[in-house]
Amino acid sequence: MTPRPAPAVLAAAAAIAALAVAAVAVAVAADGVKGDRELGQYLSSECVTCHQISGRYDGIPPIVGWPEDSFVEILDEYRAKKRENQVMRSIAVKFSDEEIAALAAYFGSLKPKTD
Amino acid sequence: MIAITRRGFSAAALAGAATLALPAVLRAQAKPRLVVIGGGPAGATVAKYVAKDSNGAVDVTLVEPLPKFVTCFHSNLYLGGFKPWDALAQDYKLAGYGVKKVNQMASAIDRDKKEVRLADGTVLPYDRLVVAPGIDIDFASVPGWSAEAAEIMPHAWKPGAQTQLLKKQLDALQDGATIVMIAPPNPYRCPPGPYERVSCMAHILKTKGHSKSRIVVIDPKDRFSKMALFQEGWQNHYPGMVEWMDPKMHGGLKNVDPKAMTVTTDLETIKADLVNVIPKQMAGKIARDAGLANASGFCPVDPTNMKSSQDPSIFVLGDAAIAGAMPKSAFAANSQAKVVAMAARGELTGARTFPARYANTCWSIIAPDDTVKVGGRYEAKDGAIAEVEGFVSKTGETADVRRQTSEENMGWYSGIVADVFA
């Protein structure tokens, strides 16, 4: 079992995470892409059934830490059925532009683990 | 007036320290409580996501007797020699998110008192309860078969000793052997599973150089998931080995005899060397005992959030639930869990909620580097979960596509176990 982190550690981690989110929000705003990160976080839970949140590759490509414009472009191509994978076409087809932007903001804000 | 002496001040300071320490306890008691019954891909995912996304604002307890979870998904790959047994065992690494895991069986739910009683008598009060016990096997549904008979004619439809027994029996077969599989009626866990299992058994026989062994499938259905794909695959990889019989051909299953190792249908009595009985299934006992199931043996739910139709404080998901067009699969259970986690957090902490989205994909291995898939997206529609977009692999696909799908299947396993258990 993973030992439970001490509250102080959790609080520090939360503070760092909050700073990171704020930094991302600013970056996103500067780019003019209005991704709702909270919506992105919920939608992302669907993606991480296959794409590991750690960025690890075991047969399915990692999607964390991508530039947002590439993320949007690729999902857009799946939605338009210009890319082949059936699973991704089916996942992408019901996403709105706003939802794709939210996902791009969320995954773009994460960094692959390097352990 | 009370004079503050040095001693008195110390006592006051101590009392102050105590009150500083106290809120943590009080907060713990005042926190909304979520109890989750069942630590599979449905329950463990809900526990993890509620604990993680509420940042400790919800008290989350996961009730699951197994210290390590053995996945039913990919257990056919173990039968087929594609994965070792140990690769199916997953450690729970959820404590870091704040999930309290209790290694016990939940024995009863008191819906009036909102309490779960555990096997050792412990009582867990809840504000919201998640019921995800998976399936139970209906031993009475096949004449001549029983829990005891399953030690001779295994079902291997819940992972563990049954799966290992079936593997041992399969590996011991000599050329010229007859395997009979009794396929289940709808609805059941993992719709393509029986036919993937046939493929994995055929692969073992082929690998051992069997030329005379055969696999007979007695099916109560006249069609099955990915039917054209499996039948094409069996013809390509195992010509003449698999004989699938629908009710029009066998006329109905009459009984099995574990002592004589026979299977009798309206058409014939087959003497078998291995019989795999995959019978009718139902929601786990605790869900049925709590009155959450209907006459079908499974639990009706609100399609917008997987909430039990019988009780607004309870969510039912995974294989135990009636999820409309969604199959009973680990992927579907994990997908439903994200919806439940969001809905439960919304009710317990006022967190934002979004419209439910559901997805599924089931990969099935037919032979090495030959894997196919079926899946779709689902939404709540007209009171049920309906498919809004679907796909299935095509017959005649190139070897390259099938190899990519095989790789995707392995990647999915790593992905979902990381998502559920770590």
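Note that residues are indexed from 1 along each chain, following the sequence as it is written. Here chains are named by letter from A upward and ligands by number from 1 upward, in the order in which they appear as written. Where totals are concerned, whole chains, interfaces and linings use all residues; where local detail is concerned, this predicted model gives features only for residues with pLDDT of at least 70, and gives and counts side-chain atom pairs only at 80 or more.

A few points about the overall build of chain A
Part 1 of the argument: Helix and strand definitions here come from DSSP, where helices need a minimum of 4 consecutive H or I residues and strands a minimum of 2 consecutive E residues; each element is numbered from the N-terminal end. In terms of regular secondary structure, chain A is built from five helices and zero strands.
Part 2 of the argument: Listing each helix as α and each strand as β along chain A from the N terminus yields α-α-α-α-α.
Part 3 of the argument: With C-beta atoms placed from the backbone, a residue is labelled by how many other C-beta atoms lie within 10 Å of its own: buried for 20 or more, exposed for 12 or fewer, partly exposed between the two. Taking all 115 residues of chain A together, the buried fraction comes to 34%.
Part 4 of the argument: Residues are treated as contacting if the C-beta atoms built from their backbones sit within 7 Å of each other. Across chain A, the fraction of contacts at a sequence separation of at least 24, relative to all contacts at a separation of at least 6, is 73%.

Observations regarding the overall build of chain B
Part 1 of the argument: Per the secondary structure count, chain B includes ten helices and 25 strands.
Part 2 of the argument: Looking at chain B residue by residue over its 422 residues, the buried ones come to 48%.
Part 3 of the argument: Long-range contacts, defined here as pairs at least 24 residues apart, represent 68% of the contacts in chain B between residues at least 6 apart.

Quick notes on the interface of chain A and chain B
Part 1 of the argument: Between chain A and chain B, the contact holds 25 residues from the first and 33 residues from the second.
Part 2 of the argument: Elements with a minimum of two residues in the side of chain A that touches chain B: α2 (37–47) and α4 (86–92) of chain A.
Part 3 of the argument: Take the side of chain A that touches chain B: its biggest share by element is five residues, from α2(A).
Part 4 of the argument: Each residue receives one of three labels: charged for Asp, Glu, Lys and Arg, nonpolar for Ala, Val, Leu, Ile, Met, Phe, Trp, Tyr, Cys and Pro, and polar for the others, Gly being one of them. A class-by-class count of the residues in the side of chain A that touches chain B yields eleven nonpolar, nine polar and five charged.

Quick look at the environment of Asp58(A)
Part 1 of the argument: Relative to the helices and strands, Asp58(A) resides in the loop between α2 and α3 (68–79).
Part 2 of the argument: Excluding residues within four positions of it along the chain, Asp58(A) makes contact with Met410(B), Gly411(B) and Ser414(B).

Here we look at α2(A)
Part 1 of the argument: Among the residues of α2(A), those classed as buried are Gly40(A), Tyr42(A), Leu43(A), Ser44(A), Ser45(A), Glu46(A) and Cys47(A).
Part 2 of the argument: Among the structural elements, α5 (97–108) of chain A together with α2 (43–53), α9 (330–349) and β23 (358–367) of chain B are those in contact with the buried residues of α2(A).

Some points on the domain arrangement of chain B
Residues and elements named next belong to chain B.
Part 1 of the argument: Residue ranges for the domains originate in an automatic or database domain assignment. The domain architecture assigned to chain B consists of domain 1 (26–137 + 281–421) and domain 2 (164–277).
Part 2 of the argument: The straight-line distance from the C-alpha centre of domain 1 to that of domain 2 is 29 Å.
Part 3 of the argument: Across the contact, 26 residues belong to domain 1 and 27 residues belong to domain 2.
Part 4 of the argument: Within the residue set of the side of domain 1 that touches domain 2, elements represented by two or more residues are α3 (75–79), β23 and β24 (370–381).

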